[in-house]
Amino acid sequence: MNEFGERLARYQGEIITSILETGAMLGWSLLAAVLIGLPVGTGMYLSRRGGPKERGWLYAGLNGFVNVVRSVPFLLFVVALIPFTRWAVGTSFGTTAAAVPLSFVAVALYARWAEQTLVEVPQATVELADSLGASTSQLVTRFLYPEARSGLVLSLTTVTISMISYSTIMGVVGGGGVGDFAIRYGYQRYEYDIMYVTIAVIVVIVMLIQAFGTRLSMALDHRSR
Amino acid sequence: MIEFDQVNKTFTQRSATGRGKSVHALHDISLSIDEAEIFGVVGESGSGKSTLLRLINALEAPTSGVVRVNGVDLAALRPAEKRLQRRRIGMIFQQFNLLANKTVAANVALPLSLHRRRGMPGSNSRASTEATGRGSAETSGRGAAATSGRGAPRERALEMLDFVNMGAHAAKHPAQLSGGEKQRVAIARALVNEPDILLCDEPTSSLDSQHTDEVMATLLRVRQEMDTSIVVVSHELEVIRGACDRAAILESGRLTGVVDIAAPEARERFNSYSERARRYLEGGQQ
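Residues numbered from 1 in each chain as written. Chains lettered and ligands numbered in written order. Predicted model: local features only at pLDDT ≥ 70, side-chain atom pairs only at ≥ 80, totals over all residues. Heavy atoms only, no water.

> Go over the overall build of chain B with me, naming the residues and quoting the values.
From N to C terminus, chain B includes 9 helices and 10 strands. Counting the 286 residues in chain B, one finds 56% classified as buried. Here the contacts in chain B between residues at least 6 apart in sequence split such that 67% fall between residues at least 24 apart. (Helix = DSSP H or I, 4+ residues; strand = E, 2+ residues; numbered from the N terminus. Buried < 20%, exposed > 50% of the residue type's maximum accessible area, 1.4 Å probe, protein only. Contact = heavy atoms within 4.5 Å.)

Structure follows, in structure tokens:
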């Protein structure tokens, strides 16, 4: 136990650094999910067949992007995206570079979740917006998002947790993070106790995020109270 | 005020295989609705009542013929102009269509906030009327409850909630209200812009008799105090007879007559829906 305690104390700085690296990768990818994924998902909802602003070509384009990003195995996707990553952020190695493929996946995941959440908004809400003379942007911001907000928060919670999982393999491009730390010290150095501590840290982080997301979603939902 | 001129409406229903099938909802409808009139539209399910109502605020466009509101063919307008015109026409729905995550006051203030945000000349109907120059002189003669349309949205919303006796519920959410209360909130929302016309799509169909009476009494007050033209679509003949001046009878998308509504007579037997509806609305028993 003493030996384990000493190792834990020795790696404390690296564990904190790896948590911060995971936080940075998550932060960038979730920012992309909200700023790009939400509009993409909204665009898919609006332009889908039978949607409020049906545009087949637009839906085909957005849907195709989401399907392609989600269907390529993530490790291959990270490697395939290296030229783009180098062009976008000037390097293909490190935490910032790792955030690029993660952002693509977060955008695609959240776009799909957002589309599905908006589909659940009653058609009567769209009809109301039309009858009040709302423009398309007002339909989205004043009617759809307020009515779908609890579902959108839950979706973002799910995406966040998925991104933690995705981020654990970003060690392949030097992204670091908690997952990379666990593999380097636990798997490659046979320090399994350190690996289990790291896994426990990840589990606690996931549970906290889920609890926060669920509570926030419930607080925002007035459909039954 | 509202004119239907040989209006036909056909929908194309797409099957699962993507094939289209034409459904004729309305056949050759011609009628007119006067200012400050409460006009009923009755008919059985699928007779085209709601389609007729949705043609008035251009939620649907006629397949042929023209629908004019204050002399304007809404279906021929550009989208932005159409939206502006819609803001002069209030609408209430069978299922109330209140936004569940907004408070009662926020629901009522919603139309005002839409207009202010866009900075369009339609923050209230009177302003819109002046801007388009197509309104009638009567629209400026609204009652006391509707005289301060230029106030802050929340203040104006509270004023309208008081008008429908819902002022005490302003901070609640729709899920905390009864059906009748929800419909009165929906009426307040529809009136907050001081519309020239109020469209009511089966406003009492999901309410019990007590709440039906409350809602219809509110509509009568709207006409009395605001001079608003009201079009009520309903399959409930009692509701139409209790509130309307005239009513159109629809059967399978065809207009079978427009009747003046009068007091009831002795009970009779009828061979068809149209005959029964006509006699009942003209004062006979059901």
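> Requested: an account of the interface of chain B and chain A, with residues and values cited.
With 27 residues of chain B in contact, the opposing surface of chain A contributes 24 residues. Glu127(A) is paired through a salt bridge with Arg54(B); the nearest N and O atoms lie 2.1 Å apart. Across the contact surface, chain B and chain A share 11 residue pairs in polar contact (both at pLDDT 80 or more). Counting only elements with at least two residues in the side of chain B that touches chain A, the list comes to helix H2 (79-86), strand S6 (89-92) and helix H3 (104-118) of chain B. At 7 residues, the largest contribution of residues to the side of chain B that touches chain A is made by H3(B). Grouping the constituent residues of the side of chain B that touches chain A by class yields 10 nonpolar, 8 polar and 9 charged. (Salt bridge = Lys/Arg side-chain N within 4 Å of Asp/Glu carboxyl O. Polar contact = N/O pair within 3.5 Å; in protein donor to acceptor, adjacent residues only side chain to side chain. Nonpolar A, V, L, I, M, F, W, Y, C, P; charged D, E, K, R; others polar.)

> Go over helix H9 (residues 273-281) of chain B, please, and point to the residues and values.
Residues and elements named next belong to chain B. The set of residues buried in H9 consists of Tyr273, Ser274, Ala277, Tyr280 and Leu281. The buried residues of H9 occupy one face: seen down the axis, they fall within an arc of 140°. For H9, the elements touching its buried residues are strand S3 (38-42), helix H8 (237-243), strand S9 (246-251) and strand S10 (254-260). (Arc of directions from axis to C-beta.)

> Any details on the pairing of strand S8 (residues 229-234) of chain B? Residues and values, ideally.
All names here are of chain B. Counting buried positions along S8 gives 6 out of 6 residues, so the element sits mostly inside the fold. Burial along S8 is two-sided: Ser229, Val231 and Val233 facing one way and Ile230, Val232 and Ser234 facing the other are all buried. Pairing of S3 with S8, which is carried by 5 bridges, proceeds in the parallel orientation. In the sheet register, valine 41 faces S8, and the bridge partner there is valine 233. Bridging between strand S7 (residues 197-201) and S8 involves 5 bridges; their strand directions are parallel. By the bridge assignment for S8, leucine 199 is matched with valine 231. Since S7 and S8 lie parallel, the crossover through helix H7 (residues 209-226) that links them has a hand, and here it is right-handed. (Pairing = 2+ DSSP bridges. Right-handed = clockwise from strand over helix to strand, strands pointing away.)

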